[in-house]
Amino acid sequence: MNPLRKVADRLLEMPIVYGTLQAPFAGNKLKPFLQRVDLSTVRRVLDVGCGPGTNARAFAGSDYVGIDINADYIATASARFKGRFVVGDVADETVLPNEKFDCVFANSLMHHLPDDVTSSLLARMARLVAPGGGVHVLDLVLPDGLSPARALARLDRGRHARPIAEWRRLFTQHLEERHLEVYPLGLPGIPLWWMVYFHGVPK
Ligand SMILES: C[S@@+](CC[C@H](N)C(=O)[O-])C[C@H]1O[C@@H](n2cnc3c(N)ncnc32)[C@H](O)[C@@H]1O
């Protein structure tokens, strides 16, 4: 790997660096999800790939479980937010808690995972949905054509940003689609990233 890229990736693994860089966009990233889900009805939430607790504040009224592979992120999250935080690799098929959740959530995790792990993870997430609940995924789209958003998706430390058709194929292998939306993040009038929000229920 290019040495500059290696340094950038290592820096982003530090909670303070990641938290600072994503903060300006975190609120807008959650918008489509918050427009669709009434959080007052969410009693239990599982946040898969929770990072340093980016989304924990939004779920402050719920019984919250976060899981992430990065022990420093988990230490930061558990020092700052209420909830149960677990260090674990989602490629390990036994790592998710065997419990039910109204909201099984993953924000910007799956573009770090290859297709086979993403597919198996979505199947496992579907099994944890409580009656009436759902799976909610927000993730990075690889847009067609040349654009700043495509270049940034290619530069991301997650190597699996996908075209929208590829995301839909993965989501609908194990989940019935309730909603799918593509939306921009960035500066007014200048999309820097395209995101997908998917809401599904177990088939
Ligand atoms: C772009 S960050 C998103 C963090 C957080 N969800 C957010 O919204 O800011 C991707 C997260 O996925 C985590 N991650 C990557 N691969 C993982 C794996 N195999 N198992 C668990 N977490 C993983 C990273 O440590 C990182 O916290």
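Criteria and thresholds
Residues numbered from 1 in each chain as written. Predicted model: local features only at pLDDT ≥ 70, side-chain atom pairs only at ≥ 80, totals over all residues. Helix = DSSP H or I, 4+ residues; strand = E, 2+ residues; numbered from the N terminus. Rg over C-alpha atoms; globule rule 2.2 N^0.38 Å. Buried ≥ 20, exposed ≤ 12 C-beta atoms within 10 Å, placed from the backbone. Contact = placed C-beta atoms within 7 Å. Core = buried A, V, L, I, M, F, W, Y, C linked by C-beta atoms within 7 Å. Pairing = 2+ DSSP bridges. Axes fitted to C-alpha atoms, helices over the stretch in contact; angles between N-to-C directions. Right-handed = clockwise from strand over helix to strand, strands pointing away. Left-handed = near helix turned anticlockwise from the far one by under 90°. Nonpolar A, V, L, I, M, F, W, Y, C, P; charged D, E, K, R; others polar.

*Asks:* For the overall build of the protein, give the residues involved together with the corresponding values.
*Replies:* Each helix and strand counted, the protein has six helices and seven strands in total. Over its C-alpha trace the protein gives a radius of gyration of 16 Å, about what one expects of a compact globule, namely 17 Å for 203 residues. Along the first, second and third principal axes, the C-alpha atoms of the protein reach 45 × 35 × 35 Å. For the protein, the residues scored as buried account for 37% of the 203 residues in total. The long-range share in the protein, meaning contacts at least 24 apart out of those at least 6 apart in sequence, stands at 63%.

*Asks:* Hey, could you go over the nonpolar core for me, with residue numbers and the actual values?
*Replies:* Among the nonpolar cores identified, the biggest contains 48 residues, and Val45, Val48, Val104 and Met195 are the most heavily contacted of them. If sequence neighbours within four positions are ignored, Val48 has contacts with Ile67, Val90, Phe105, Ala106, Leu109 and Met125.

*Asks:* Can you explain the sheet that holds strand 4 (residues 101–107)? Please cite residues and give values.
*Replies:* Pairing is mixed across the open sheet formed by seven strands, whose spatial order is 3-2-1-4-5-7-6. Looking at strand neighbours, the two that pair on one side only are strand 3 (84–87) and strand 6 (175–187), the edges of this open sheet. Between one strand axis and the next, the sheet turns through 15 degrees on average, direction left out of account. Note: strand 6 against strand 7 (residues 190–202), 12 bridges, orientation antiparallel. Its bridge partner lying in strand 7, Leu185 is registered against Trp193.

*Asks:* Which residues make up the environment of Arg168, and what values do they have?
*Replies:* Looking at where Arg168 falls in the secondary structure, it is placed in helix 6 (residues 164–174). The class for Arg168 is partly exposed, based on 15 C-beta atoms found within 10 Å. Along the sequence, Arg168 and Leu180 sit 12 residues apart, while their C-alpha atoms lie 8.2 Å from each other.

*Asks:* Report on the pairing of strand 5 (residues 129–141), specifying residues and quantitative values.
*Replies:* Strand residues, when the strand is regular, have side chains that alternate between the two faces of the sheet. Among the 13 residues of strand 5, 10 are classified as buried, and the element is accordingly described as predominantly covered. What joins strand 4 to strand 5 is helix 4 (residues 115–127), and the crossover it makes is right-handed. As paired elements, strand 5 and strand 7 share seven bridges and run antiparallel to each other. Residue pairing in the sheet places Leu138 in a bridge with Tyr197 of strand 7.

*Asks:* Could you give an account of the packing of helix 4 against helix 6, with specific residues and numbers?
*Replies:* Running from amino to carboxyl end, helix 4 crosses helix 6 at an angle of 40 degrees, the nearest separation of the two axes being 8 Å. At the point where helix 4 passes helix 6, the crossing takes the right-handed sense. Counted together, Asp115, Thr118, Ser119, Leu122, Ala123 and Ala126 of helix 4 and Leu170, Phe171, Gln173 and His174 of helix 6 form the full contact between these two elements. Along the lines of polarity and charge, the residues of the contact of helix 4 with helix 6 split into five nonpolar, four polar and one charged.

*Asks:* An account of the environment of Val182 is requested, with residue identities and associated values reported.
*Replies:* Among the structural elements, Val182 can be located in strand 6. A tally of 13 C-beta atoms within 10 Å means that Val182 is categorised as partly exposed. The sequence separation of Val182 and Pro32 amounts to 150 residues, and the corresponding C-alpha distance is 9.3 Å.

*Asks:* Quick one: what's the story with the environment of Val104, residue by residue and with numbers?
*Replies:* One can find Val104 in strand 4. Residue classification places Val104 among the buried residues on the basis of 28 C-beta atoms within 10 Å. Sequence separation of Val104 and Met125 is 21 residues, and the distance between their C-alpha atoms is 6.4 Å. Val104 has contacts with Leu46, Met125, Leu128, Val129 and Val135, leaving out every residue within four places of it along the chain.

*Asks:* An account of unusual backbone geometry is needed here, citing residue identities and associated values.
*Replies:* We note that Ser108 has phi near 60 degrees; this positive angle belongs to a residue other than glycine. For Ser108, the position within the fold is in the loop between strand 4 and helix 4. You can call Ser108 buried: it has 21 C-beta atoms within 10 Å.

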